[in-house]
Amino acid sequence: MPNIVLTRIDNRLIHGQVATMWSSSVGANLLLVANDEVCANEFRQGLMDMAAPSFAQTRYFSIEKTINIIDKASDAQHIAIICETPQDVVRLVEGGVPIKEVNIGNMHMAEGKRQVSKAVCVDDDDVKAFRRLQELGMKLEIRRVPSESAESLDELFK
C-alpha cells in the first residue's frame, strides 16, 4: 500500500506553497505530479523542480502511469500527489489509487467558472467531479496552506 500523505488539487501544481509549507507539514519526501500534459513537458518539469524542496524528489507521471505504478512505491516514500483538476483525482481514485482525502488548494478563475472560496473557482464539471469524489468516500477540504483553517464546502456544491 503506497504511503500517500497528501492529495492536493492545485492548478499551479508544484510551487512555493506546495513545495515548502505542505511538504513540510505532511512529511512528504516525494512530490508526484499526476498530469497528462506535464509528464511530457520537460520545460514545465524543470521549473517545478526548482521550486521543490531539497528533501523531496519529484516525479511527473500521466494519470494512467500513476494508476499503474503507485502500488510499487516504497514504504519509505511519503507521497504528495498533486493534480491540476478534480477530474484527474476522480480518474486516479476510479483507477484504484488509494486516496482517502483531497485538499483543494487553488483553482483559478476562467470563463464559465464561479468563485466558491478565496482561491477556488469551479464550473459544473468540477462540481460533478467533487460530488463523485464524495460518492467514492473521499473527505474534501478547501485549504490553501496548512496554517489556515479549512473553508466551508457549502458554496462548492451550489
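It should be emphasised that the depicted structure is a prediction, and the values quoted were computed from it without experimental measurement.

Cut-offs and rules
- Residues numbered from 1 in each chain as written.
- Predicted model: local features only at pLDDT ≥ 70, side-chain atom pairs only at ≥ 80, totals over all residues.
- Heavy atoms only, no water.
- Salt bridge = Lys/Arg side-chain N within 4 Å of Asp/Glu carboxyl O.
- Helix = DSSP H or I, 4+ residues; strand = E, 2+ residues; numbered from the N terminus.
- Buried < 20%, exposed > 50% of the residue type's maximum accessible area, 1.4 Å probe, protein only.
- Contact = heavy atoms within 4.5 Å.
- Pairing = 2+ DSSP bridges.
- Axes fitted to C-alpha atoms, helices over the stretch in contact; angles between N-to-C directions.

## Some points on the pattern of salt bridges
Here is step 1: Enumeration over the complete set of coordinates arrives at eleven salt bridges.
Here is step 2: When the shortest N-O distance is used, the salt bridge between Glu-135 and Arg-132 registers 3.2 Å. One end of the pair, Glu-135, and the other, Arg-132, are both in helix 5 (residues 124-135), three residues apart, so they sit about a helical turn from each other.
Here is step 3: Residue class for Glu-135 comes out exposed when judged on its relative accessible area of 59%.
Here is step 4: We classify Arg-132 as partly exposed; its relative accessible area is 30%.

## Brief notes about the side chain of Asp-88
Here is step 1: Mapped onto the elements of the fold, Asp-88 is located in helix 4 (residues 86-94).
Here is step 2: The residues touching Asp-88, leaving out its near neighbours within four places in the chain, are Ala-34, Asn-35, Ile-63 and Cys-83.

## A word on helix 4
Here is step 1: Among the residues making up helix 4, those that are buried are Pro-86, Asp-88, Val-89, Val-90, Leu-92 and Val-93.
Here is step 2: On its buried side, helix 4 packs onto strand 1 (3-10), strand 2 (30-34), helix 3 (63-69), strand 4 (78-83), strand 5 (101-106) and helix 5.
Here is step 3: Taken from the residues just after helix 4, Gly-96 is the one with a positive phi, measuring 105°.

## Describing the sheet that holds strand 2
Here is step 1: In spatial order, the strands read 3-2-4-1-5-8; together these six strands make up an open sheet with parallel pairing. Two strands lie at the open edges of the sheet, namely strand 3 (57-61) and strand 8 (139-142), each paired on one side alone. Strand-to-strand, the axes of this sheet are offset by a mean angle of 25°, without reference to chain direction.
Here is step 2: Judged from the four bridges that link them, strand 5 and strand 8 form a sheet pairing that is parallel. Pairing of Val-102 across the sheet is with Leu-140, part of strand 8.
Here is step 3: Relative to the sheet, helix 1 (residues 16-26) contacts strand 1, strand 2, strand 4, strand 5 and strand 8, its axis offset from that of strand 1 by approximately 150°.
Here is step 4: Set on the sheet, helix 4 makes contact with strand 1, strand 2, strand 4 and strand 5; between it and strand 4 the angle comes to about 130°.

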